[in-house]
Amino acid sequence: MQTTIRSAISFDGIGLHSGRPARLTIRPAVVNRGIWFKRTDVDLGDTMIPARWDNVVRSPLCTLIQNRAGVSVSTVEHVMAALAGCGVHNALVEIDGPEAPILDGSSVPFVRGILNVGLRAQGAPVRAIEILKPVTVETQGGWARLSPSKTGQGLDMVFRIDFADAAIGVQEKHLNLANGTFVRELSDCRTFCRASDVDAMQKAGKALGGTYENAVVVDGDKVLSPGGFRHADEAVRHKMLDALGDLALAGAPILGLYEGHKAGHAMTNALLHALFADAQAWRFVDCDAATAATLPGAGVVLDEIPAVA
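Cut-offs applied
- Residues numbered from 1 in each chain as written.
- Predicted model: local features only at pLDDT ≥ 70, side-chain atom pairs only at ≥ 80, totals over all residues.
- Heavy atoms only, no water.
- Helix = DSSP H or I, 4+ residues; strand = E, 2+ residues; numbered from the N terminus.
- Rg over C-alpha atoms; globule rule 2.2 N^0.38 Å.
- Buried < 20%, exposed > 50% of the residue type's maximum accessible area, 1.4 Å probe, protein only.
- Areas by Shrake-Rupley, 256 points an atom, 1.4 Å probe, with all protein chains shown as cover.
- Lys, Arg positive; Asp, Glu negative; His and termini not counted.
- Charge placed at Lys NZ, Arg CZ, Asp CG, Glu CD.
- Axes fitted to C-alpha atoms, helices over the stretch in contact; angles between N-to-C directions.
- Parallel < 35°, antiparallel > 145°, perpendicular 65-115°, else oblique.
- Contact = heavy atoms within 4.5 Å.
- Nonpolar A, V, L, I, M, F, W, Y, C, P; charged D, E, K, R; others polar.
- 1 Å grid on protein atoms, 1.4 Å probe; cavity = no way out; pocket = protein on both sides within 12 Å on 5 of 7 lines; lining within 4 Å.
- Points joined across faces, edges and corners; volume = space filled by probe spheres on them.
- Pairing = 2+ DSSP bridges.

Q: What exactly am I supposed to notice about the overall build of the chain here?
A: The secondary structure content of the chain amounts to seven helices and 20 strands. What you see for the chain is a C-alpha radius of gyration of 18 Å, in line with the 19 Å of a compact globule of 309 residues. Along the longest, intermediate and shortest principal axes, the C-alpha atoms of the chain span 50 × 45 × 40 Å. By residue count, 55% of the 309 residues in the chain fall in the buried class. Counting every atom, the chain has about 13,000 Å² of accessible surface; 50% of that belongs to carbon and sulfur. Of note, the chain has its 29 positive side-chain charges centred 3 Å away from the centre of its 33 negative side-chain charges.

Q: Just checking my understanding: could you explain the packing of helix 1 (residues 77-85) against helix 5 (residues 234-247) for this structure?
A: Two packed helices can be described by the angle between their axes and the distance between those axes. One way to put it is that helix 1 packs onto helix 5 with a least axis distance of 7 Å and a crossing angle of 80°. As judged from the angle between their axes, helix 1 and helix 5 are roughly perpendicular. Between helix 1 and helix 5, the residues in contact are E77, H78, M80, A81, A84 and G85 and H238, L241, D242, L244, G245 and D246, respectively. Here the residues of the contact of helix 1 with helix 5 are counted per class, giving five nonpolar, four polar and three charged.

Q: Can you walk me through the layout of surface pockets in this structure?
A: Gaps left between atoms are located by rolling a probe of water-molecule size over the structure's atoms. By volume, the largest pocket amounts to about 1,300 Å³. In terms of lining, the largest pocket is formed by 49 residues, of which the most central are L61, F163, F192, K239 and H265. When residues of the lining of the largest pocket are traced back to their parent elements, those giving at least two are helix 1, strand 12 (135-139), strand 14 (155-162), strand 16 (192-194), helix 4 (195-203), helix 5 and helix 6 (265-276). Looking at the lining of the largest pocket residue by residue, the class counts come to 24 nonpolar, 15 polar and 10 charged. Within this model, the second largest pocket holds a volume of roughly 770 Å³. Breaking the lining of the second largest pocket down by element, the ones donating at least two residues are strand 4 (35-39), helix 1, strand 11 (127-131), helix 5 and strand 20 (282-286). For the lining of the second largest pocket, a count of residues per class yields 26 nonpolar, seven polar and four charged.

Q: Where do I start with the environment of C189 in this structure?
A: Mapping C189 onto the fold places it in the loop between helix 3 (181-186) and strand 16. Overall, C189 belongs to the buried group, its relative accessible area being 0%. C189 sits 45 residues away from E234 along the chain, and the two C-alpha atoms are 5.6 Å apart. Once residues within four sequence positions are removed from consideration, C189 is found in contact with G105, S106, H231, E234, R237, H238 and L241.

Q: Can you walk me through the sheet that holds strand 5 (residues 48-50) in this structure?
A: Across a sheet, paired strands are connected by hydrogen bonds in the backbone, their directions being either parallel or antiparallel. On the basis of which strands lie adjacent, the open sheet formed by five strands has the order 2-3-9-4-5 and mixed pairing. The strands lining the two open edges of the sheet, one partner per strand, are strand 2 (9-14) and strand 5. In this sheet, adjacent strand axes meet at a mean angle of 20° when their direction is disregarded. Of the pairings in the sheet, the one linking strand 4 to strand 9 (residues 91-95) comprises five bridges and is parallel in character. In the strand pairing of strand 9, I35 is matched with A91. Each of strand 3 (21-28), strand 4 and strand 9 touches helix 1; the most contacted strand, strand 4, lies at about 145° to it. Along the sheet, helix 2 (residues 108-117) makes contact with strand 2 and strand 3, crossing strand 2 at roughly 165°.

Written out as structure tokens, the structure reads:
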């Protein structure tokens, strides 16, 4: 059944790209509300932004959502992944600035906060999106696809990346995200970048809040961030984390198979546009108890959070 958090939880940090301090607070929401963001620093007009695929505005390096009044929040993918991965269906996310705090570059601080306050069942079935036929988008050598489930177990994900830097190289991973897999396998995986890109991003006004503590920076075969990778394949795991957060903007859990090859935020959002443009490719279903038990976050407990540095 649907859930929300038991009580509000706040997170303080800086935005990865803006470098601006921000406080983000997740609050409970009523049944069937979904996930909404609210800009508490905006005094006039519409400050509410539904966390939906059709509110995404193209933005380099992150996911940005914007309402019809032009009020926006950027870098929402990590908190969206945490909400989806912990099985939170209804929540209000308040933020006092234009960008969500990056924290340690992963979703694990959000996950820890959510599981510490706990979840409250809301007495209504979860409505999910079942994929009925393959939908694919391609661009610049990469592609992303949603297909009907081959396992009947919630959401499967396959992701492949290919970077010239030997510290990353070619990585591929396949996970079924049922029963807390996100929390155990993906939640602590941080955003990453190449040292050669850092100067260019900062000259372009991006990554102004980036440090070796909230991103993994690589240079050829070297990892410059203290402590190195948390997992040998942390890079592809983080791409999967991002994909779950971006897929959560569908507005409901997805039952199917997601495959990404050199995919990113814009491609996953384009995939959702393609999916919802084809009424024969999907349908809403109310999850029975067996199906709900295969969704990300079902049955997750605090002890499943990885021990991170």
